[in-house]
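Residue strings, one per chain:
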Amino acid sequence: MASTIRVRATASGDSTEVQALIQHPMDSGFVKNAKGELIPPHYIQQVTIEHGGKPVFVADWGPAVSKDPYLKFAFKGGKKGDDLKVSWTDNKGASDTLTAKIQ
Amino acid sequence: MKSSIWNDATASRRAVLQGIAVVAVVGFTGIRFGMTEAFAAVNDKYPEEAFKQKSEADAIKSLYGKTAEKSDKVKLDAPEIAENGAVVPVSVSSSLPDVTSIAILVTENPNTLAAAYRILPGTAASVSNRLKMAKTSNVIAVVEAGGKLYSATKEVKVTVGGCGG
């Protein structure tokens, strides 16, 4: 199965820029479906990005983050070819992990 | 004579074993400390309570336990007018030193706290994401730097809300 995570990490000089896109409904619990029933909340709570086994960035999300969330940040110390591990967990206990190479 | 050699051998063997034991204990505790340090940052629990708060003051207090002061060193990038409240691009960055955390709040949303980011050492104090906004609202960026809180506010006008059906 294709991963829910897409990552592009680009090293330039000292800094590595990370862009991540995650496929997730991010249901807030306030939206009704076509029948007028509330869609229960279903959203990612935590995203962790690790480099060299050490976390560099942790995101705590509420349901106000848009569907198919996008994230961009930068950190120091990454090199071309290094592994970057991205993982998320949602409020229903589901999770996914992807390890990408820094370009 | 024979017994004294035997005793010596036993003694030295004991010493060696003790040495190994000491090394093992030191080694293991060393590893354990290293691990707890590395994981402490990640295993900081998801701030469930902060995400349930209805007002920005309560959310900031629940998340950080203190209040924020306005600062022009917190840069909040958000559109003046968002045509689609379901996808509002928001970026926050700061020139302050020792930034450890960035939080973004939308005051008119049912729960004001939208996202909180932990900025670990070596990571730039800058983050971009996309948020949902129920209606026209103030967006507040809170930056924790050197143990203090700084904030910036911007109003974003929403033409089509992103939180209702």
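Residues numbered from 1 in each chain as written. Chains lettered and ligands numbered in written order. Predicted model: local features only at pLDDT ≥ 70, side-chain atom pairs only at ≥ 80, totals over all residues. Heavy atoms only, no water.

## What about the overall build of chain A?
Scanning chain A from terminus to terminus reveals 0 helices and 7 strands. Helices (α) and strands (β) of chain A occur, in sequence order from the N terminus, as β-β-β-β-β-β-β. In chain A, which comprises 103 residues, the proportion classed as buried is 48%. Counting contacts in chain A only where the partners sit at least 6 residues apart, residues at least 24 apart contribute 54% of the total. (Helix = DSSP H or I, 4+ residues; strand = E, 2+ residues; numbered from the N terminus. Buried < 20%, exposed > 50% of the residue type's maximum accessible area, 1.4 Å probe, protein only. Contact = heavy atoms within 4.5 Å.)

## Side note on unusual backbone geometry
All names here are of chain A. Phi at Met26 takes a positive value of approximately 50 degrees, unusual for a residue other than glycine. Its place among the elements puts Met26 in the loop between β2 (15–22) and β3 (44–51). With a relative accessible area of 1%, Met26 lands in the buried category. Positive phi values are uncommon outside glycine, yet Asp68 reaches one of about 50 degrees. Mapped onto the elements of the fold, Asp68 is located in the loop between β4 (54–61) and β5 (70–76). Judged by relative accessible area, which is 29%, Asp68 ranks as partly exposed.

## Comments concerning helix α3 (residues 56–64) of chain B
Residues and elements named next belong to chain B. Those residues of α3 that fall on the buried side of the exposure criterion are Ala59, Ile60 and Tyr64. Mapping the buried residues of α3 onto a view down its axis gives an arc of 100 degrees, with all of them on the same face. Against the buried residues of α3 lie α2 (48–52), β5 (99–106), β6 (113–119), β8 (137–145) and β9 (148–158). Where α3 ends, the next residue or the one after it, Gly65, has phi of about 75 degrees, a positive value. (Arc of directions from axis to C-beta.)

## Here's the deal with the pairing of β6(B)
Taken across its 7 residues, β6(B) has 7 buried, putting it largely inside the fold. The pairing of β4(A) with β6(B) spans 5 bridges and is classified as antiparallel. Bridge pairing in β6(B) links Ala59(A) to Tyr117(B). For β5(B) and β6(B), the ladder comprises 5 bridges, and the chain directions are antiparallel. Across the sheet, the residue bridging to Ser101(B) is Arg118(B), located in β6(B). The antiparallel pairing of β5(B) with β6(B) creates a hairpin that spans 6 residues between the two strands. (Pairing = 2+ DSSP bridges.)

## Here we look at the interface of chain A and chain B
Across the contact, 30 residues belong to chain A and 33 residues belong to chain B. Put simply, chain A and chain B have 1 salt bridge between them. Inspection of the region where chain A meets chain B yields 17 residue pairs in polar contact (both at pLDDT 80 or more). When contributions to the side of chain A that touches chain B are tallied by element, the ones reaching two or more residues are β3, β4 and β5 of chain A. Sheet topology places β5(A) next to strand β7 (residues 126–131) of chain B; 2 bridges connect them, and they run antiparallel. Counterpart to Lys72(A) in the pairing with β7(B) is Ser128(B). (Salt bridge = Lys/Arg side-chain N within 4 Å of Asp/Glu carboxyl O. Polar contact = N/O pair within 3.5 Å; in protein donor to acceptor, adjacent residues only side chain to side chain.)

## Some details on the environment of Ala57(B)
Here Ala57(B) lies in helix α3. Residues Ala57(B) and Thr112(B), 55 residues apart in the sequence, show an inter-C-alpha distance of 9.3 Å.

## Some thoughts on the sheet that holds β5(A)
Within the open sheet, the 6 strands sit side by side as β1(A)-β2(A)-β5(A)-β7(B)-β4(B)-β2(B). Their pairing is antiparallel. Both edges of this open sheet fall to β1 (5–12) of chain A together with β2 (74–77) of chain B, since each of them pairs with a single strand only. For this sheet, the mean angle separating the axes of adjacent strands, direction not counted, is 15 degrees. (Axes fitted to C-alpha atoms, helices over the stretch in contact; angles between N-to-C directions.)

## Remarks on the packing of aromatic side chains
Applying the stated rule across the entire model yields 4 aromatic pairs over all chains. Considering the side-chain rings of Tyr46(B) and Phe51(B), the 5.1 Å spacing of their centres and the 5 degrees angle between planes classify their relative orientation as stacked. Judged by its relative accessible area of 5%, Phe51(B) falls in the buried class. In textbook terms, an aromatic cluster arises when at least three aromatic residues are bridged by ring pairs, as seen for Phe57(A), Phe73(A), Phe75(A) and Tyr117(B). (Phe/Tyr/Trp six-rings, centres within 6.5 Å; stacked < 30°, edge-to-face > 60°.)

## Some words on the side chain of Gln45(A)
Topologically, Gln45(A) is positioned in strand β3. Excluding its chain neighbours within four sequence positions, the residues that come into contact with Gln45(A) are Ala59(A), Asp60(A), Trp61(A), Thr89(A), Asp90(A), Asn91(A), Tyr46(B) and Glu48(B).

## With respect to the confidence of the model for chain B
Per-residue pLDDT for chain B averages 81, and the proportion of residues at 70 or more is 71%. Across residues 25–43 of chain B, confidence stays below pLDDT 50; counting only partners more than four residues off in sequence or on other chains, it has 8 contacts. (pLDDT = per-residue confidence, 0-100.)

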